[in-house]
Amino acid sequence: MSRIETVFAELKAKGEKAFIPFITVGDPSLEWTERLVRDMEQAGADIIELGIPYSDPLADGPVIQEAALRSLANGTTMEDAFSLVARLRQAGVKLPLILFTYVNPVMQWGIERFFETAKQNGADGVIIPDLPHEESLEAKQAAARYGIDLVPLVAPTSQQRIAQIVKEASGFVYCVSSLGVTGVRNELSEGLSAFVTDVRSAATVPVAVGFGVSTPEQAAVIREFADGVIVGSAIIRRIQPLADAIAKCEQAEIDKAYQAVIDFVASLKEPLRG
Amino acid sequence: MYPDNKGRFGKFGGKFVPETLMNALDQLEQDYYKYRQDPNFQRELQELLTEYAGRSTPLYFAKHLTEKLGGAKIYLKREDLNHTGAHKINNTLGQGLLAKYTGKKKVIAETGAGQHGVASATIAALLGLECTVFMGEEDIKRQELNVFRMKLLGASVVPAVSGTRTLKDATNEAIRHWVEHVEDTFYIIGSVVGPHPYPMMVRDFQRIIGDETRQQYLEKEGRLPDEIVACVGGGSNAMGIFYPFIEDASVKLTGVEAAGEGVDTERHAASITKGRPGVIHGALTMLLQDQYGQVLPAHSISAGLDYPGVGPEHAHLADSNRAQYVSVTDQEALQALQELAYVEGIIPALESAHAVAHVLKIAPALPKDYGIVICLSGRGDKDMQSVMGYLGVEK
């Protein structure tokens, strides 16, 4: 069992569900990303997704795209993402870390080399949202070789594809909660529970729900039918004021904005506890 | 023949998109294969191409240009004479009809120079479809007239404000919109780019350019041309005119990319000449990118050519040496536009002027019995404002 699957199993034994925050590496800076991961772990995050910034993020909405563009403007590279993971491990961060990136940066790094480097630096999983099942053979083989979970996505439109996708899943299955790109939505889509239940009955690994989840209330609903909840844009929206405060060098404002991010993370975990 | 059943042209092509779109692409592929063989669909498409778009377009012998250059015999395939002013109408009629046959009421499109946007808005009006066009904010400024035309035709024009604010970003926006509205919306892609089956389908709808050229050239010259020259951004007019000649080894196929301010500067759009294999907008193809795979901004005087990728089948034709790809600068394209206007009384689109510019370079040294066909993909009306700017003409 991989470290990611172990975390889900431990939570299940305690009657808890997994909380999986997403942040973008290098937004507002690499130092802040490192600090955020460490404090989010303390605040109750069970697994963390680290987004490697990309110029053309097709699966992301404007909030995450802008975070990626800010990070790229700071000069963040693939090396930076890997060395961040290594530093987090040296600093004693234990929770599973998942790299979220797009297929082109992975290809340019080299698919085999990407999974090898991810493993060497201490990552546990990889999500590539524009690498569908049909194109994923080489990545799956490399992931298996280095003991990395390549987490697949299933969407409400996946229909007859679900069985095949989940059959080969490792780590967990990422259920896209609604059509569309990442981003905050006011309401969960109708039929989400039925869709996730279908996926869950087909899968041998846990099932987590993301895309559009933004409040503790939504997390409370999702806990009833899924094994975990993923939140990205709603957290990144709260990192924006932090970036602004850092740019202005206002210490009191920085502290306040930072605490708001950590408090928000804690509030999202709360309804997922036993 | 390409593509294979995974949508690959050699090593290029494929489907690299969010899972949300996979089912829609599979469905589109099935629908396309079904209607491609449906006599009613084909009859209706043929009728629209003839009666509405104005096909067939002439293959015009450019006598004055030929005489002036004193070398190869130059013909122009007059796609500029199509309704809406470019070859784009061939493909939008095909995809629009497919949208109608599959019961979709809404269509979306992306556009750079606006030609595909205008063609999409046009067929949407004709077929009673609701149309939304995504266009980079920068291109909206460069192509004011086409934006107005789209609106007059009843389309909504949505500015893409991310990244370089050009065609690349308009395409990102269109794909994202499609991800969200995939259940009731047909995405009319404007070139031989994107995930399978688009590069194949757009090529098939554009091959009429090459089929006509072949027949017309045979009628006029009793043989096949020696060379075909076409501009390449995404590459749909080039793919359309090349395709029926791929098996004819004697016909040289030349694609002309935009060298912008020069291929040795950072401001060009020469994806095949200067790019590396990479994924953009759902396909593996030649791409302008940095060492980490971040997509680099492309530049061209022509809003229709400044795209950092290219159709995957072109990447394959280059890789297999079946076609050659050269490049022409902004300045050379501008001069070619003026030359063709002056000598033949035809003002080409800035895109097509790139193909003309290459022929101006090579024709004088070629023998008089060497026959070249230039695909004149569109007319220059839309570019007059930019051209005035570049030439420093006072309004």
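Residues numbered from 1 in each chain as written. Chains lettered and ligands numbered in written order. Predicted model: local features only at pLDDT ≥ 70, side-chain atom pairs only at ≥ 80, totals over all residues. Heavy atoms only, no water.

## Focus: the overall build of chain A
In step 1: What chain A contains, in helices and strands, is 12 helices and 9 strands.
In step 2: Taken over the C-alpha atoms alone, chain A extends approximately 55 × 40 × 35 Å along its principal axes.
In step 3: Residue burial in chain A is summarised as follows: out of 274 residues, 64% are buried.
In step 4: Considering only residue pairs separated by 6 or more positions, chain A has 74% of its internal contacts joining residues 24 or more positions apart.
In step 5: For chain A, the accessible area works out to roughly 10,300 Å², and carbon and sulfur atoms hold 51% of it. (Helix = DSSP H or I, 4+ residues; strand = E, 2+ residues; numbered from the N terminus. Buried < 20%, exposed > 50% of the residue type's maximum accessible area, 1.4 Å probe, protein only. Contact = heavy atoms within 4.5 Å. Areas by Shrake-Rupley, 256 points an atom, 1.4 Å probe, with all protein chains shown as cover.)

## Here we look at the sheet that holds strand β9 (residues 227–231) of chain B
Residue and element names in this part refer to chain B.
In step 1: Pairing within the open sheet is mixed, and its 6 strands lie in the order β3-β4-β14-β9-β10-β13. The outermost strands of the open sheet, each flanked by one partner alone, are β3 (59–61) and β13 (323–329). Pairwise comparison of adjacent strand axes, ignoring direction, gives a mean angle of 25 degrees for this sheet.
In step 2: In the sheet, β9 pairs with strand β10 (residues 252–260) via 5 bridges, with the strands oriented parallel. For Cys231, the partnering residue across the bridge sits in β10 and is Val256.
In step 3: Against the sheet, helix α9 (residues 198–221) touches β3, β4 (73–78) and β14 (371–376), its axis set at about 140 degrees to β4. (Pairing = 2+ DSSP bridges. Axes fitted to C-alpha atoms, helices over the stretch in contact; angles between N-to-C directions.)

## Structural notes on the side chain of Asn146 of chain B
All names here are of chain B.
In step 1: Mapped onto the fold, Asn146 is located in helix α7 (residues 144–152).
In step 2: Here Ala113 takes part through its backbone oxygen, which lies 3.0 Å from a polar atom of the side chain of Asn146.
In step 3: Within polar-contact distance, the side chain of Asn146 engages the side chain of Arg149 at 2.7 Å.
In step 4: Apart from the residues lying within four places of it in its own chain, the contact partners of Asn146 are Ala113, Gly114, Gln115, Val118 and Lys382. (Polar contact = N/O pair within 3.5 Å; in protein donor to acceptor, adjacent residues only side chain to side chain.)

## Overview of the interface of chain A and chain B
In step 1: Tallying the contact residues gives 38 residues for chain A and 35 residues for chain B.
In step 2: At the boundary of chain A with chain B, total buried surface from both sides reaches about 3,000 Å², with 51% on carbon and sulfur atoms.
In step 3: Counting the surface chain A buries against chain B, the share from its top three residues, Leu58, Gln108 and Glu135 of chain A, is 22%.
In step 4: Linking chain A with chain B are 5 salt bridges.
In step 5: Linking chain A with chain B are 21 residue pairs in polar contact (both at pLDDT 80 or more).
In step 6: For the side of chain A that touches chain B, the secondary structure elements donating two or more residues are α3 (62–73), α4 (78–90), α5 (103–109) and β6 (153–154) of chain A.
In step 7: Looking at which element gives the most residues to the side of chain A that touches chain B, the answer is α5 of chain A, with 6 residues.
In step 8: For the side of chain A that touches chain B, the class distribution of residues is 21 nonpolar, 10 polar and 7 charged. (Buried area = accessible area lost by both parts, 1.4 Å probe. Salt bridge = Lys/Arg side-chain N within 4 Å of Asp/Glu carboxyl O. Nonpolar A, V, L, I, M, F, W, Y, C, P; charged D, E, K, R; others polar.)

## Considerations on the packing of α3 of chain A against helix α11 (residues 233–248) of chain A
Residue and element names in this part refer to chain A.
In step 1: Where α3 contacts α11, the two axes come as close as 9 Å, and the packing angle between them is 50 degrees. The orientation of α3 with respect to α11, classified from their angle, is oblique. Crossing geometry of α3 relative to α11 is assigned as left-handed. Together, Val63, Ile64, Ala67 and Arg70 of α3 and Ser233, Ile236, Arg237 and Gln240 of α11 make up the contact between the two elements. (Parallel < 35°, antiparallel > 145°, perpendicular 65-115°, else oblique. Left-handed = near helix turned anticlockwise from the far one by under 90°.)

## Remarks on the UniProt feature "active site" (unreviewed entry) in chain A
In step 1: Look at the UniProt record and you will see "active site" (unreviewed entry) annotated at Glu49 and Asp60 of chain A.
In step 2: Tracing the backbone shows Glu49 of chain A in strand β2 (residues 48–51).
In step 3: Overall, Glu49 of chain A belongs to the buried group, its relative accessible area being 0%.
In step 4: Apart from the residues lying within four places of it in its own chain, the contact partners of Glu49 of chain A are Ile20, Pro21, Phe22, Ile23, Ile98, Phe100, Ile127, Tyr174 and Ile230 of chain A.
In step 5: When you line up the elements, Asp60 of chain A lands in the loop between β2 and α3.
In step 6: For Asp60 of chain A, the residues in contact, after removing those within four places along its chain, are Gln65, Phe100, Tyr102, Val181 and Thr182 of chain A together with Arg176 of chain B. (UniProt positions renumbered as here; feature names shortened; annotations may be inferred.)

## Re the environment of Gln30 of chain B
Residues and elements named next belong to chain B.
In step 1: Of note, Gln30 is situated in helix α1 (residues 19–36).
In step 2: Residue Gln30 is classed as exposed on the basis of its relative accessible area of 53%.
In step 3: Taking the C-alpha atoms as reference points, Gln30 and Tyr217, 187 residues apart in sequence, are found 35 Å from one another.

## Details of the sheet that holds strand β7 (residues 156–160) of chain B
All names here are of chain B.
In step 1: Overall, parallel pairing links the 4 strands, which are arranged β7-β6-β5-β8 in an open sheet. Two strands in the sheet have a free side with no partner beyond their single neighbour: β7 and β8 (185–188). Between one strand and the next, the sheet's axes are offset by a mean angle of 25 degrees, whatever the strand orientation.
In step 2: Inspection of the sheet shows strand β6 (residues 130–136) paired to β7 by 5 bridges, in the parallel sense. Within the sheet, the bridge partner assigned to Phe134 lies in β7 and is Val158.
In step 3: Together, β5 (106–111), β6, β7 and β8 form the strand contacts of helix α8 (residues 167–181), whose direction differs from that of β5 by roughly 160 degrees.

## Here we look at the pattern of salt bridges
In step 1: Tallied over the full model, the rule gives 48 salt bridges over all chains.
In step 2: A salt bridge links Lys382 of chain B to Glu351 of chain B, with the shortest nitrogen-to-oxygen separation between them at 2.8 Å. Of this pair, Lys382 of chain B sits in the loop between β14 and α15 (384–391) while Glu351 of chain B sits in helix α14 (residues 350–362), placing them 31 residues apart in sequence.
In step 3: Here Lys382 of chain B falls in the buried class, since its relative accessible area comes to 6%.
In step 4: Each of Glu134 and Arg161 of chain A together with Lys15, Glu19, Asp26 and Glu29 of chain B takes part in a single network of salt bridges with overlapping partners.

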